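Okay, here's what each chain looks like letter by letter:
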Amino acid sequence: MNENQLSERLKRVGELVPKQSRLADIGSDHAYLPVALVLQKKLDFAIAGEVVTGPYEAAKKQVRKNGLDQQISVRLANGLDAVNKSDEISAVTICGMGGALIRDILEAGWTSQRLQGNERLILQPNIGERAVRDWLTIHGYTILEEEILEENNKIYEIIVASREVQRVAYSEKERLFGPVLLNTQSPVFYKKWQSELRQRQNILAQLAKATGDQQARMQQIEQEITEIQEVLSHES
Ligand code: SAM
């Protein structure tokens, strides 16, 4: 992967960023995404935020190498602390991390008001998508688009959300599977949930052998297994 040749995952994320957004890419190792989008002339301004020195230095180097210091501001900061109100950010990408970490970054940004609530969010959790959807639901976001794709034997989901006038109350099932993905149900979606089903069945078998009171945990997993089997039964 480089700034001219993004991974399929980041390419899809980039396509979901609205044209001429003022973008904050949080967790921007090498700044590949903002650099690619500015080179494509899709954006004129972006922030590449990084909390770890190594990836921050790599991002700075990448931006300089491409002569984009005027368009891309590389900042060493934790999460949305990289963003100021005066940046007038209109889109935020947070990609390639676990869903719980993405949720924590959003929550900290919400609390500090670095996240204004009017930005388009394009989120790509590697695992734990449910935590992201829970946060979006609680904070009044509507999930506008979702994608699922497979690359190098890994399955990735992308969630696009913004706060709309009409608030949507997502069900437990929608938060687990994704409200948009539930409707589209692609082959990759089924592949993912077949694997998730097997994992839960294994966990259940282990819990059945474990000592101590596992009742509540087992009940929750049994319920999820039933939901997954129900969704998988629609596969044609
Ligand atoms: N976003 C890129 C992508 O999708 O290919 C890089 C993903 S990389 C696996 C995750 C990056 O997020 C790392 O460079 C890490 O240092 C950074 N990161 C993790 N927590 C962060 C935080 N709280 N604030 C900013 N960056 C963070």
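Going by what an unreviewed UniProt entry lists, the chain is known as SAM-dependent methyltransferase and is assigned to Enterococcus quebecensis.

Close contact between helix α8 (residues 187-209) and helix α9 (residues 215-232) brings their axes to 10 Å; oriented N to C, the two are set at 155°. As judged from the angle between their axes, α8 and α9 are roughly antiparallel. Taken as a pair, α8 and α9 cross one another with a handedness that is left-handed. Along the contact surface, α8 presents F189, Y190, W193, Q194, E196, L197, R200, Q201, I203, L204, L207 and A208, while α9 presents R217, M218, I221, E222, E224, I225, I228, Q229, V231 and L232.

This part takes up the site of the ligand. Close to the ligand lie 16 residues, the nearest being R9, G27, E50, N78 and G79. Here an oxygen atom of the ligand sits 2.7 Å away from a polar atom, N or O, in the side chain of R9. Notes on the ligand: free accessible area 590 Å², of which the protein chains cover 79%. Sorting the residues of the shell around the ligand by element identifies α1 (8-16), β4 (91-97) and α4 (99-111) as the ones contributing at least two each. Looking at the shell around the ligand element by element, the count peaks at 3 residues for β4.

Counting through the fold element by element, R175 comes out in helix α6 (residues 172-177). With a relative accessible area of 18%, R175 lands in the buried category. Among the polar contacts made by the side chain of R175, one reaches the main-chain carbonyl oxygen of Y170 at a distance of 3.4 Å. Residues contacting R175, with those up to four places away along its chain left out, are R130, R133, D134, T137 and Y170.

In a regular helix each residue adds 1.5 Å, so 13 residues correspond to 18 Å; α4 covers 18 Å between its end C-alpha atoms and thus fits that length. Of the surrounding secondary structure, the elements contacted by the buried residues of α4 are β1 (22-26), β4, β5 (120-125) and α5 (129-138).

A few words now on the pairing of β4. A large share of β4 lies buried, amounting to 6 of its 7 residues. The pairing of β1 with β4 spans 4 bridges and is parallel. Each residue of the ladder has a partner; that of A24, found in β4, is V92. Strand direction decides the pairing type here: β4 and β5, joined by 6 bridges, are parallel. Looking across to β5, one finds that I94 is bridged to L123. Crossover connection from β4 via α4 to parallel β5: handedness right-handed.

Rules and cut-offs
Residues numbered from 1 in each chain as written. Predicted model: local features only at pLDDT ≥ 70, side-chain atom pairs only at ≥ 80, totals over all residues. Heavy atoms only, no water. Axes fitted to C-alpha atoms, helices over the stretch in contact; angles between N-to-C directions. Helix = DSSP H or I, 4+ residues; strand = E, 2+ residues; numbered from the N terminus. Parallel < 35°, antiparallel > 145°, perpendicular 65-115°, else oblique. Left-handed = near helix turned anticlockwise from the far one by under 90°. Contact = heavy atoms within 4.5 Å. Near = heavy atom within 4 Å. Polar contact = N/O pair within 3.5 Å; in protein donor to acceptor, adjacent residues only side chain to side chain. Areas by Shrake-Rupley, 256 points an atom, 1.4 Å probe, with all protein chains shown as cover. Buried < 20%, exposed > 50% of the residue type's maximum accessible area, 1.4 Å probe, protein only. Expected span 1.5 Å × (residues − 1). Pairing = 2+ DSSP bridges. Right-handed = clockwise from strand over helix to strand, strands pointing away.

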